[in-house]
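Listed below are the residues making up each chain.
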Amino acid sequence: MARVQYLNARRRLGLLCVSLALTGCMTGPDFVPPSNDTVPTTFSRPDLINPTSSDDAALQADIMRWWEAFDDPVLNRIMATAVENNWDVLIATQRIEQARAQAVSTQSQLFPQASLGPSIGRQQTGTTNKMSGLGLVEALGLPLNVTWETDMFGQIKRSTESQVAKVRAAEAYRKNVLVSLTSELASYYSNLRMLQAQIDYTEKAIEASNRRLELTRVLLKKGIDSDLNLAQYEQAYELQLSQLPPLKAQRDWAMYQCAFLVGGFPLDLKASLEKPGMPLLTRKPLPAALPSQMLRNRPDIRQAEQVLASSTAQIGVAEAAFMPDFSIPLGAGYNTGPWGLLFNPASFIWSWAVNVTQPLFTGGQLQARLALANATREQDRLAYEKAVRQAMTDVEKALTGFENYRAQRSKLQQTVQAQQQVFANNQVLYKVGIQPEFQYLESLIGLNNNRISLVQAQNQEAVQLISYYKALGGGWQWEAPNTQSPLDDGMTTPGTFKQIMKDNLSALSTSGAGPKATAESGSVQ
């Protein structure tokens, strides 16, 4: 009985040692997301925000496809093309795949590494040498080598943790690209519509100025007008003419940039965009959001947080480098001279060992790597804090800009309406012959100049609204949720090695005596 207890104690000790070898102990700090306790609880202008959309679901619905608030079918159509074909989005997608591959490569070091090295050879030696004269020598080997890194102190696990955080950072970066893309495309589209309207009003003003200049010359010949008025009108006419070419150049540039953002060549959208359209107008109230909601929505904040998580894990990697490194090489196979005896039991060979490597002196290299990891982590923490404050600043700037440009647009709209009434009265008086054409032209020129100012203010108001949606992190929520594990390399198609192994292991588990608990594929302990 005592011997049985002794054996059980030895077995328990052995199992404990094996468990420690398998799990190890993790060096370095665990990542704790920043609390953001110092972030303000509200924005400075709640009066500008729609009070009925304060919950997360309503906010997501408002900013999912925020550009639809402008009710512009052309913008909706080119936006749908852009999110699928934009080059920056496609590049960001491949960066995710690159990060996944790196994470899988790092995690693979946790598993035993097996290799098969068959060899075959034949050698003719001289027979006159009594020591080595063996004549014809045959050699055939079929060794299987297995090496396992125990990762006793969690260096590989921390490296995997760091790489997984980089995958999530790459995913957040792609979402941030979508946020920037949608806001940039909408801004260029708004500028395009403004420039088209501005060109139209400028051409009408030039036409009226030219007619006014002709009348002035006629009156001057009759001695009714003066050279001073003629010079002033000529100067105004030439100034208006000089404004037209830059406007057309800016219009074409905006059109080319829209085509580039949707992934095409400069003239690909000419048929869709060359016809002037209405300037973008704000038709809905601003969506409500709290600073905490904004921080959850903005992918650049998520990216900064995951970069911080990655650098935190790298501290554990640097600390584990100070600890002993355990590895277990195993070898087994067959080695024989006569080929016919390859699988003879007497030809079987095997070997095993436990290798331990403990750094003693590295000239300060390990200390420098640890200092570098700590400095990088602190740098990323500061970058996160900066990103949070930048996000708050973006929202406040957008709210302030929207309020002031909306006020300017409202005043200019009243001015244009009053000017339109003046012009309509002058037009009626001119047609019935009560008022001269000169005064009618003056009111027409003034009306078109005020219209130019109005469309510029409308564009600025739209751009500020676009900036507000961007500041809230809107534009990526329309995508389906990504359920793929950061450690999934995507090799799940039939016939691949990973899928074959998965199928075989599934078949073995289903044929067992009882059910087994399964862990999520790719999870990091």
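Refer to the preceding data block for the structure.
Note that the structure is a prediction, hence the values are computed from the model and not measured.

What counts and what doesn't
- Residues numbered from 1 in each chain as written.
- Predicted model: local features only at pLDDT ≥ 70, side-chain atom pairs only at ≥ 80, totals over all residues.
- Heavy atoms only, no water.
- Axes fitted to C-alpha atoms, helices over the stretch in contact; angles between N-to-C directions.
- Helix = DSSP H or I, 4+ residues; strand = E, 2+ residues; numbered from the N terminus.
- Parallel < 35°, antiparallel > 145°, perpendicular 65-115°, else oblique.
- Nonpolar A, V, L, I, M, F, W, Y, C, P; charged D, E, K, R; others polar.
- Expected span 1.5 Å × (residues − 1).
- Buried < 20%, exposed > 50% of the residue type's maximum accessible area, 1.4 Å probe, protein only.
- Left-handed = near helix turned anticlockwise from the far one by under 90°.
- Pairing = 2+ DSSP bridges.
- Salt bridge = Lys/Arg side-chain N within 4 Å of Asp/Glu carboxyl O.
- Contact = heavy atoms within 4.5 Å.

(A) Quick peek at the packing of helix α5 (residues 155-221) against helix α11 (residues 437-471). Direction vectors running N to C along α5 and α11 enclose 175 degrees, while the axes themselves pass 9 Å from each other. One element, α5, and the other, α11, form an angle in the roughly antiparallel class. Split into classes, the residues belonging to the contact of α5 with α11 amount to 17 nonpolar, 13 polar and seven charged.

(B) Spotlight on helix α9 (residues 299-320). For α9, spanning 22 residues, the distance from its first C-alpha to its last is 32 Å, which sits close to the expected 32 Å at 1.5 Å a residue. Counting buried residues in α9 gives 16 out of 22 residues, a clear majority hidden from the surface.

(C) Quick peek at the packing of helix α10 (residues 365-431) against α11. Relative orientation of the contacting elements α10 and α11 amounts to 160 degrees, with a least axis distance of 7 Å. The orientation of α10 relative to α11 falls into the category roughly antiparallel. You can see that α10 and α11 cross each other, and the crossing is left-handed. Across the contact of α10 with α11, the residue classes tally to 17 nonpolar, 17 polar and seven charged.

(D) Examining the pairing of strand β2 (residues 119-124) more closely. Within β2, only zero of the six residues are buried, leaving the element largely exposed. One ladder, built from six bridges, connects β2 with strand β3 (residues 136-149); its direction is antiparallel. Within β3, the residue paired with Arg 122 across the bridge is Glu 138.

(E) Representation of the pattern of salt bridges. The final tally for this structure, using the stated rule, is 16 salt bridges. Among the ionic pairs, Arg 212 bridges to Glu 442, the shortest N-O distance being 3.1 Å. You can see Arg 212 sitting in helix α5 and its partner Glu 442 sitting in helix α11, a full 230 residues away along the chain. According to the relative accessible area criterion, Glu 442 is partly exposed, its value standing at 30%. Measuring nitrogen to oxygen at the nearest pair gives 2.7 Å for the salt bridge that ties Glu 461 to Arg 409. Taken together, the residues Glu 461 in helix α11 and Arg 409 in helix α10 connect sequence positions 52 residues apart. What makes Glu 461 buried here is its relative accessible area of 4%. Among the ionic contacts, a cluster of salt bridges with common partners joins Asp 30, Arg 158 and Glu 161.

(F) How the structure looks around the environment of Arg 283. For Arg 283, the position within the fold is in the loop between α7 (270-273) and α8 (291-297). For Arg 283, a relative accessible area of 52% puts it in the exposed group. Sequence separation between Arg 283 and Asp 71 is 212 residues, and the spatial gap between their C-alpha atoms is 8.0 Å. When residues no more than four places from it in sequence are discounted, the contact partners of Arg 283 are Ala 69, Phe 70 and Asp 71.

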